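Residues per chain, in single letters:
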Amino acid sequence: MEQVIVGRAYVLGDNIDTDQIIPAEHLVYSLSDPEEKKNYGKFALSGVPKDDAGLPEGNKLFVEEGKFESEYTIIIGGKNFGCGSSREHAPACLKIAGIQAIIATSYARIFYRNSVDGGFFIPFESSGKLVNNIRTGNNLTINLETGTLINNSSNQTFKLQPLGEVAEIVKAGNIFEYARKAGMI
């Protein structure tokens, strides 16, 4: 696992649910078919209402029309990110769209576990609400070793909550690979 993640921010508000992350009508594609799988990236975050207070300034789309991957690689969220149903497609579609990390104030437990167990990306928790200090399009650097987030666009640094064993699971690739490497299975 890289010790540094660099990318552009996409900022959302509180209570982003799994239907906003990947609306149910887009759950018809196969995750094992490479061509169909791209559609999960194409429709990632397509359920976020255009007039939602949590939508980024200028109502910027997460994935541009006609594309399957986003120009944004780090999501900044508020509290209760990933609430709603327990669908594993939610973290999968964000990974397919190019997300490397999400930083939120808090997560719905099942979304957090699905993100970690599937090895999709690292779900960081912030010590405070970042949505007031980071804007969509800001250039960010996450340093896993120091547990910090740097907003390169404003020269601000923020402390992230320690990852604990979560980092090792994501580093291994998923929960099953972690268990194999740890001699659990």
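Scroll up a little and you will see the structure.
Residues numbered from 1 in each chain as written. Predicted model: local features only at pLDDT ≥ 70, side-chain atom pairs only at ≥ 80, totals over all residues. Heavy atoms only, no water.

### A few points about unusual backbone geometry
Although it is not a glycine, Leu45 adopts a positive phi angle of roughly 60 degrees. Looking at the secondary structure, you find Leu45 in the loop between helix 2 (34-42) and strand 2 (74-76). Notably, Asn80 is not glycine yet its phi reads approximately 60 degrees, a positive angle. The residue Asn80 is located in the loop between strand 2 and helix 3 (89-96) in this model. (Helix = DSSP H or I, 4+ residues; strand = E, 2+ residues; numbered from the N terminus.)

### A short note on a nonpolar patch on the surface
Where nonpolar side chains cluster on the molecular surface, the patch consists of Phe176, Met184 and Ile185 and spans about 370 Å² of accessible area. With respect to the helices, strands and loops of the structure, Phe176 is situated in helix 6 (residues 175-181). (Patch = residues over 30% accessible without salt bridge, like charges linked within 9 Å, V, L, I, M, F, W, Y side chains within 5 Å. Areas by Shrake-Rupley, 256 points an atom, 1.4 Å probe, with all protein chains shown as cover. Salt bridge = Lys/Arg side-chain N within 4 Å of Asp/Glu carboxyl O.)

### Digging into the packing of helix 3 against helix 4 (residues 109-117)
Remark: helix 3 packs on helix 4, axes separated minimally by 8 Å, with the N-to-C direction vectors making an angle of 50 degrees. As the angle between them shows, helix 3 and helix 4 are arranged oblique. Our pair here, helix 3 against helix 4, has a crossing hand that is right-handed. Between helix 3 and helix 4, the residues in contact are Ala90, Pro91 and Leu94 and Phe111, Asn114 and Ser115, respectively. Residue classes in the contact of helix 3 with helix 4 are distributed as four nonpolar, two polar and no charged. (Axes fitted to C-alpha atoms, helices over the stretch in contact; angles between N-to-C directions. Parallel < 35°, antiparallel > 145°, perpendicular 65-115°, else oblique. Left-handed = near helix turned anticlockwise from the far one by under 90°. Contact = heavy atoms within 4.5 Å. Nonpolar A, V, L, I, M, F, W, Y, C, P; charged D, E, K, R; others polar.)

### As for the packing of aromatic side chains
Scanning all chains against the criterion turns up 10 aromatic pairs. Measuring from ring centre to ring centre gives 6.2 Å for Phe81 and Tyr107, while their planes differ by 75 degrees; the resulting arrangement is edge-to-face. Of this pair, Phe81 sits in the loop between strand 2 and helix 3 while Tyr107 sits in the loop between strand 3 (101-104) and helix 4, and the two are 26 residues apart along the sequence. Residue Phe81 shares its accessibility class with Tyr107, and that shared class is buried. Look at Phe111 and Phe121: their rings are 6.3 Å apart centre to centre, the planes differ by 40 degrees, and that puts the pair in the tilted class. With Phe111 in helix 4 and Phe121 in the loop between helix 4 and strand 4 (122-125), this residue pair connects regions lying 10 residues apart in the sequence. Since its relative accessible area comes to 1%, Phe121 is described here as buried. Grouped by ring-pair contacts, the aromatic residues Phe81, Tyr107, Phe111, Tyr112 and Phe121 constitute a single cluster. Over the aromatic face of Phe68 sits the side chain of Lys38, whose NZ or CZ is 5.7 Å from the ring centroid. (Phe/Tyr/Trp six-rings, centres within 6.5 Å; stacked < 30°, edge-to-face > 60°. Buried < 20%, exposed > 50% of the residue type's maximum accessible area, 1.4 Å probe, protein only. Lys NZ or Arg CZ within 6 Å of the ring centre and 35° of its normal.)

Coordinates in, geometry out; function isn't part of it.
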